Amino acid sequence: MRDGRLDRWSLTTVTLLLLALAALVLHGRTPDAGAQEQEEGREEVQREPLKPRPEADPKRIFDRDCAVCHGTDGRGGSRGPSLKDVGEASVHFYLTTGYMPIRHPDEGLRRREPVYTEAEIDALVEYVGGFITGPHVPDVEVEETKVEKGGEVFRLNCAQCHQFIGTGGIVVGSNEAPALHQTSAVEVVEAIRIGPGTMPKFSEEQISEEDAQAVASFIALEVQEPTDDGGFSLGRFGPFSEGLVSWVVGMGALLVAAGWIGKRT
Amino acid sequence: MIGRLARWLERRVGGSDFLRDKLSKVFPESWTFLFGEIALYAFVVLVLTGTFLALFFDASHTETTYFGNYSPLHDVEMSAAYRSTLELSFDVPAGLLMRQAHHWAALVFVAAIVVHLSRIFFTGAYRRPRELNWTIGVTLLLLAILEGFAGYSLPDDLLSGTGARIAYAIIESIPFIGVWLGSLLFGGLFPGEEIIGRLFTLHVFILPVLFFGLIGLHLALVFRQTHTQFPGPDRSEDNVVGVKVWPTYTAMSVGMFMFTCALLFGLGGLVQINPVWYYGPYDPFVVSINAQPDWYMGWLEGSLRLFPPWEFSGARFMVANPFFPAALLPMLTFAALYAFPFLERRLTGDRGEHHVLDRARDHPLRSAVGAATITFYAILTIAGADDIVALLFNVDITGLVVFLRVAAVVGPVLAAYVTYRWCRDLAAGTAEAASAGTHGEAAKDEGGDGEQGPGQRWSPRRRWRLAFAGLAAALGYGSARRDRPPDGRS
Amino acid sequence: MSGPGTSDREQLAATVLATLSFLIAIVGALAFAVVYIRGPEVVPAYTQLLGVSAMLAFGGAGAGVVFWAHGLMPQGPDIEKRKFTGPSPEERERTATVLKESTEAIGRRGLLGRLLFGALGAIGVAMLLPFRSLGRAPFPERARTGWKAGRRLVTEDGRPVRIDEMAENSVLTVFPERRVRDADSQTLLLRLPPEIIRPLEGRESWSPEGHIAYSKVCTHAGCPVGLYQVDTQRLLCPCHHSAFSVLRGATPIFGPATRPLPQLPLGVDREGYLIALGDYDVPVGAGFWTWPSAARKGTP
């Protein structure tokens, strides 16, 4: 029996470690459900007071929610950048992703439920479009046949930050290349053209209109509807999560089996 | 039927005395002695599934395109190696199951070796006469890591190509011969045109042959030298207490084999691993964030990430940065592993033969060294996926790297200290308990279900409590347990 | 030989459990066969069902054997004397004598013995030499890339890049024309607002209209330095997180990299396409033993 205790302790330690690791994984955001929950939770806390009354006049919305930082004519100021040549695509992108409006200039860009209705956003885009220049809101068609090309362009130009299947990745500081699981096809093409946040932008010579649409199709049809033929996807984070499972589930189960077969002495 | 077969063989080959002798050999039944068997049976699964895969895999760099069931990669330029891996995944019936079971088996194989090695280490099972088998075991670990890396590199997907790229840079950093060696192995400057074919030869022929030889030798030595056993009633240096190889131990071992297969095929069917179709084919100018190696290479990736920007550069020669964390560190690691039994012998002067195992607590220094080692490599492994950790916890990667650099130095020292104190307290606790006369409770139920022992016999709950009190004391929260009578009378 | 050491009742239980387990194993194996034969076109979640049925088959067999072993087989404890405690002194003596006698029979031939070892050593070295056929040291090409003065910058599909096509704060992977997709020549072409570039000494003219080009091969371990962060103007290697300052000659500012990414001198040809004005002045990628001399002379 004296020898038995050591083994139980090692078993205890191993079990505790494995549980901690499992908790780590479960706690972390899995891109499908976890992220959404987290986003929603955050949105409730931060967004509630900002939810404005429904408003028909886009000028009123702009003057009330945007002009504080960007100026009533969109020229910008000490608190926010000029909108003069960002284009309607930027306005649309920042509003549909919920990146804007923010309450404080230091608040990071984070995907949220949009503050305005679709109609309000369209009206705002049109209104702001009246005094700015730049890329327009693109028409995007998601098509099965474009996925192959889209994947190639994505891996060459996007995977280095957004990861090979769009689960996102950390960059330096608080800037994060976001996961692409909720990004709409229009937002994809807009982001390519305007380079939101810390992302570089791509001109039509760099990524042609056709290729940009292809990337949007790849994201809509493969990143957002992945081919998980192998079973549970483990979040598609790569070998890290697989290693964790091989220890927690694999070695865990086999040690339990060994404990049943052998004597715990 | 078995009897008839045995008779048939006996008339032709002879050797019934040998067989009788071996079949009545006695093996101790501790569950911790099954860890090595897990590794062995994972290896068997690797050989079986690997043979299936090799029938379909095309180890070549030849440029080709794919038009199988997975449409998102149609018409994309790729190597034949990558195409055949896609076909194995989507177009060969049961191919994906075999691929995934093979990969899970590889991960579990190395994990089981590590657990097995830890058991051997903490119980001092490597002492004379088993130093030789320890060195064989360490060699098997080394080969397993190499074998795993070779296999990981074969499909020529984005992650495996990135791994090969880093391996090339590590080889290049070796003084004197690095650049020549890299170009020689890869067949020219990276990416070369040879590496997949050569890794395939290594993966399915050279290393497996070594595995078969060394595993055979490893087991033959266990047979010849007899198995160690934990101390217990009637157990001594001169005997082995357990069950006979035939039939009971064989049945237990077959059970372990079946469970290993069940787990690996279960994981292979239910949990997706290495989905190369997401990674895409490798191109030297394409890269993805969150690229990591399989877990057993994580410590090397981690040491590459954590090692400070130092390199030694003279007027004509330089020792480049990757050499230290990725060439020197593994060399030192395995040198230390090989040397440990001999080093301990020299330091302790204990040259005697040992067949009865130590308890970890009775050797606080050894246990402390073990805990520090495990902590160090665990931190490096975490660092090998620091971008994922940063993503999951939403923290700044630069801050995390600095934290891990500190942890890699402080963590092992802390672990050693805590383990040392813990062992000391536990050993003291055992001694006190023994002197308090608790061992009177110990019932000797021979032939029972294993709860025998001449020493103290505590309820499981008490053991837990004592363990945690010991840990708390080691961490400096007062040695509560020492102030109380160890048997809990208050 | 000790018996199972369990009561009749326990033996009965073990028999029932083992029987059930083996039946489960048979059902699992049959299910595997059925799923396989029906094929992935017919069976949804084909791989998963194969895996589960295989797991049932193996798991059932394992459980059956273990129930059998625990409940119905001899439980011990059996005790065996350890025979292995090294050779006895007499045995050692005997072996030594035999060895000595047979060695003496050869007689003292010290020179021959040494020559034999010499011959074997020489053969070993000679037989190792053919491995050199695998290749020579890759110089001078390791110290050079495909860039030459006047070569146009082209994208991975071979299209030359015009001076006016890139947006500010954007990035493109380019290659020398005629060496498209060459691993060592891969280069990051960035376009920045010209006024923010702070060129290193002697490189003031290397960045026409805010275009600036660095080797894409990380100086740490050779990964493609793919991440371009606009707001901080950093390049980041996704493999080991080395960070380089775009504005200051790609000097390393974080992570394990020690040397800056080599910068490609850029110019514009008469037709308005970007061209290289020469090769990199140091070898691209990770460091190696003769790097300093290669950096000075172009070859070691």
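Rules and cut-offs
Residues numbered from 1 in each chain as written. Chains lettered and ligands numbered in written order. Predicted model: local features only at pLDDT ≥ 70, side-chain atom pairs only at ≥ 80, totals over all residues. Heavy atoms only, no water. Helix = DSSP H or I, 4+ residues; strand = E, 2+ residues; numbered from the N terminus. Rg over C-alpha atoms; globule rule 2.2 N^0.38 Å. Buried < 20%, exposed > 50% of the residue type's maximum accessible area, 1.4 Å probe, protein only. Contact = heavy atoms within 4.5 Å. Areas by Shrake-Rupley, 256 points an atom, 1.4 Å probe, with all protein chains shown as cover. Phe/Tyr/Trp six-rings, centres within 6.5 Å; stacked < 30°, edge-to-face > 60°. Pairing = 2+ DSSP bridges. Buried area = accessible area lost by both parts, 1.4 Å probe. Salt bridge = Lys/Arg side-chain N within 4 Å of Asp/Glu carboxyl O. Polar contact = N/O pair within 3.5 Å; in protein donor to acceptor, adjacent residues only side chain to side chain. Patch = residues over 30% accessible without salt bridge, like charges linked within 9 Å, V, L, I, M, F, W, Y side chains within 5 Å. Core = buried A, V, L, I, M, F, W, Y, C linked by side-chain atoms within 4.5 Å. Expected span 1.5 Å × (residues − 1). Axes fitted to C-alpha atoms, helices over the stretch in contact; angles between N-to-C directions. Disulfide = S-S within 2.5 Å. Lys, Arg positive; Asp, Glu negative; His and termini not counted. Charge placed at Lys NZ, Arg CZ, Asp CG, Glu CD. Parallel < 35°, antiparallel > 145°, perpendicular 65-115°, else oblique. Left-handed = near helix turned anticlockwise from the far one by under 90°. Nonpolar A, V, L, I, M, F, W, Y, C, P; charged D, E, K, R; others polar.

J.: I tried to follow the overall build of chain C on my own but got confused; where do I start?
T.: Scanning chain C for helices and strands turns up 5 helices and 12 strands. For 300 residues, the compact-globule estimate of 2.2 N^0.38 gives 19 Å, and chain C exceeds it by more than 25% at 36 Å. The dimensions of chain C, computed from C-alpha atoms along their principal axes, are 95 × 80 × 35 Å. Burial analysis of chain C (300 residues in total) assigns 49% to the buried set. Contacts spanning at least 24 positions in sequence make up 56% of the contacts within chain C whose residues lie at least 6 apart.

J.: Explain the overall build of chain B to me, please; I cannot follow it from the model alone.
T.: Each helix and strand in chain B was counted, giving 18 helices and 6 strands. Classification of the 490 residues of chain B by burial places 60% in the buried group. Of all intrachain contacts in chain B linking residues separated by at least 6 positions in sequence, the fraction that spans at least 24 positions is 74%. Total accessible area computed for chain B in this model is approximately 19,600 Å², and 67% of it derives from carbon and sulfur atoms.

J.: It is not clear to me how the packing of aromatic side chains should be interpreted in this structure. Could you clarify?
T.: Two descriptors summarise a pair of aromatic rings, namely the distance from one centre to the other and the angle between the planes of the rings. Scanning the model with the defined rule gives 47 aromatic pairs over all chains in all. Both rings, one in F93 of chain A and one in Y94 of chain A, keep their centres 5.7 Å apart while their planes meet at 85°; by these two values the pair is edge-to-face. Assigned by exposure class, F93 of chain A and Y94 of chain A land together as buried. Three or more aromatic residues joined by ring pairs form one cluster here, namely F121, F122, Y126, W134 and F340 of chain B.

J.: Would you take a moment to explain the sheet that holds strand β4 (residues 187–191) of chain C for this structure?
T.: For sheets, the rule is that strands pair by backbone hydrogen bonds, running either parallel or antiparallel. Residue and element names in this part refer to chain C. On the basis of which strands lie adjacent, the open sheet formed by 5 strands has the order β2-β3-β4-β5-β10 and antiparallel pairing. At either end of the open sheet lies a strand with only one pairing partner, and these are β2 (153–154) and β10 (263–264). When strand β3 (residues 170–176) meets β4, the two strands line up antiparallel, connected through 5 bridges. Along β4, the bridge assignment pairs S170 with R191.

J.: Help me out: how do you make sense of the interface of chain C and chain B in this one?
T.: Reports of interface size often rely on the accessible area that becomes lost once the parts have come together. At the junction of the two partners, chain C supplies 77 residues and chain B supplies 93 residues. A buried area of about 7,000 Å², summed over both sides, lies between chain C and chain B, and 66% of it is on carbon and sulfur atoms. At the boundary of chain C and chain B, one finds 4 salt bridges. Along the contact surface separating chain C from chain B lie 28 residue pairs in polar contact (both at pLDDT 80 or more). Secondary structure elements with two or more residues in the side of chain C that touches chain B: α1 (8–38), α2 (46–72), β1 (78–81), β3 and α5 (291–297) of chain C. Here the element with the most residues in the side of chain C that touches chain B is α2 of chain C; it accounts for 16 residues.

J.: Sorry, what's going on with the environment of E168 of chain C here?
T.: Of note, E168 of chain C is situated in the loop between β2 and β3. Residues E168 of chain C and A69 of chain C lie 99 residues apart in sequence; the distance between their C-alpha atoms is 74 Å. Excluding anything up to four places from it in sequence, E168 of chain C contacts K201 of chain A together with R191, L192, P193 and P194 of chain C.

J.: Is there a simple way to explain the pattern of salt bridges in this structure?
T.: Working definition: two side chains of opposite charge can pair if their charged atoms are close together. Across all of its chains, the model carries 33 salt bridges over all chains by this definition. Here E187 of chain A ties to R111 of chain A by a salt bridge, and the two come within 2.9 Å at their closest N and O atoms. Of the two residues, E187 of chain A is situated in helix α8 (residues 185–194) and R111 of chain A in the loop between α4 (87–96) and α5 (118–129); the sequence distance between them amounts to 76 residues. Put simply, E156 of chain C and R181 of chain C hold a salt bridge, and the shortest N to O gap is 3.3 Å. With E156 of chain C in the loop between β2 and β3 and R181 of chain C in the loop between β3 and β4, this residue pair connects regions lying 25 residues apart in the sequence. A residue is classified by how much of its surface remains accessible, and E156 of chain C, at 23% relative accessible area, is partly exposed. Taken together, the shared-partner salt bridges connect R127, E344, D358 and R366 of chain B into one network.

J.: So what exactly am I meant to see when it comes to a nonpolar patch on the surface here?
T.: Taken together, the side chains of L12, V16, L17, L20, L23, I26 and L30 of chain C define a hydrophobic patch exposed on the protein surface, amounting to about 660 Å² of accessible area. Here I26 of chain C is to be found in helix α1.

J.: Before we go on, may I ask you to explain the nonpolar core in this structure?
T.: Proteins that are soluble and globular tend to have nonpolar side chains buried together. In terms of nonpolar packing, the biggest core is built from 120 residues, with F109, F211 and M256 of chain B touching the most fellow members. Ranked by the residues each element gives to this core, the list is headed by helix α5 (residues 95–122) of chain B, at 18 residues. One finds I165 and V223 of chain A together with M78 and A150 of chain B within the second-largest nonpolar core, a separate group that totals 58 residues.

J.: Please clarify how the side chain of E187 of chain A should be interpreted in this entry.
T.: Given a relative accessible area of 4%, E187 of chain A falls into the buried group. Among all residues touching E187 of chain A, those that are not within four sequence positions of it are F93, T96, T97, R111 and Q182 of chain A.

J.: Would you take a moment to explain the interface of chain B and chain A for this structure?
T.: Counting from both sides, the interface comprises 92 residues of chain B and, opposite them, 72 residues of chain A. For the chain B and chain A pair, buried surface summed over both sides reaches about 7,200 Å², with 67% attributable to carbon and sulfur atoms. The tally of links from chain B across to chain A stands at 1 salt bridge. Here K263 of chain A and E29 of chain B are joined by a salt bridge, their closest N and O atoms 3.2 Å apart.

J.: Looking at this structure, how should I read the pairing of strand β5 (residues 211–215) of chain C?
T.: The side chains of a regular strand alternate, residue by residue, between the two faces of the sheet. All names here are of chain C. Burial analysis of β5 places 5 of its 5 residues in the buried class, the great majority of the element. Residues H211, A213 and S215 line one face of β5 and the alternating positions I212 and Y214 line the opposite face, and both faces are buried. Where β4 and β5 come together, 5 bridges link them in antiparallel fashion. Following the sheet pairing, R191 is matched in β5 by H211. Note: β5 against β10, 2 bridges, orientation antiparallel. Of the residues in β10, the one forming a bridge with Y214 is Q263.

J.: Help me understand α5 of chain B in this model?
T.: For the α-helix, the turn length of 3.6 residues means that residues three or four positions removed from each other point alike. Under the 1.5 Å per step criterion, the end-to-end length of α5 of chain B is 40 Å for 28 residues, consistent within 8% with the ideal 40 Å. Remark: G124 of chain B follows α5 of chain B within two positions and exhibits a positive phi of approximately 65°.

J.: Please clarify how the sheet that holds strand β9 (residues 251–254) of chain C should be interpreted in this entry.
T.: All names here are of chain C. Strands sit in the order β6-β7-β8-β9 across an open sheet of 4 strands; the sheet is antiparallel. In the strand order of this sheet, the two ends are held by β6 (227–229) and β9, each with one partner. Each strand of the sheet is rotated relative to its neighbour by a mean of 35°, with strand direction disregarded. Here strand β8 (residues 243–245) runs beside β9; their pairing, made up of 3 bridges, is antiparallel. Paired with A243 across the strands is F254, a residue of β9.

J.: Hey, could you run me through the state of the cysteines in this one?
T.: Should the sulfur atoms of two cysteines be covalently bonded, the bond is a disulfide. Residues and elements named next belong to chain C. If you walk through the whole model with that rule in mind, you get 1 disulfide over all chains. Shown here is the disulfide that connects C223 with C239, its sulfur atoms set 2.2 Å apart. On the S-S bond that ties C223 to C239, the torsion sits near -90°, and the link is left-handed. Here C239 lies in the loop between β7 (234–236) and β8 and C223 lies in the loop between β5 and β6, a separation of 16 residues in the sequence. Grouping residues by exposure puts C223 and C239 together as buried.

J.: How should a positive patch on the surface be read in this particular structure?
T.: A grouping of R4, R7, R11 and R12 of chain B is seen on the molecular surface, where their side chains present a positively charged patch. Structurally, R7 of chain B is set in helix α1 (residues 2–13).

J.: What should I look at first to understand the pairing of β3 of chain C in this one?
T.: When you tally the buried positions in β3 of chain C, you get 7 out of 7 residues, the bulk of the element. Along β3 of chain C, one buried face is formed by S170, L172, V174 and P176 of chain C and the opposite face, lined by V171, T173 and F175 of chain C, is buried too.

J.: Looking at this structure, how should I read helix α8 (residues 178–186) of chain B?
T.: All of the buried residues along α8 of chain B are G178, V179, G182, S183, L184 and F186 of chain B. Contacts made by the buried residues of α8 of chain B are with α7 (158–172) and α9 (195–225) of chain B.

J.: I tried to follow the packing of helix α3 (residues 58–70) of chain A against α5 of chain A on my own but got confused; where do I start?
T.: The relative placement of two packed helices is expressed as an angle between their axes plus a distance between the axes. All names here are of chain A. Put simply, α3 and α5 touch, their axes get as near as 9 Å, and they point 85° apart. One finds that α3 runs roughly perpendicular with respect to α5. Where α3 approaches α5, its residues P58, K59, I61, F62 and D63 are matched on the opposing element by E120, A123, L124, Y127 and V128.

J.: Would you mind showing me how to read the packing of α4 of chain A against α5 of chain A here?
T.: Residues and elements named next belong to chain A. Interaxial distance between α4 and α5 falls to 9 Å at its minimum, and their mutual angle equals 150°. As the angle between them shows, α4 and α5 are arranged roughly antiparallel. Crossing of α4 against α5: the hand is right-handed. Contacts from E88, V91, H92, L95 and T96 of α4 reach α5 at I121, L124, V125, V128 and G129. The residue makeup of the contact of α4 with α5, split by class, is 6 nonpolar, 3 polar and 1 charged.

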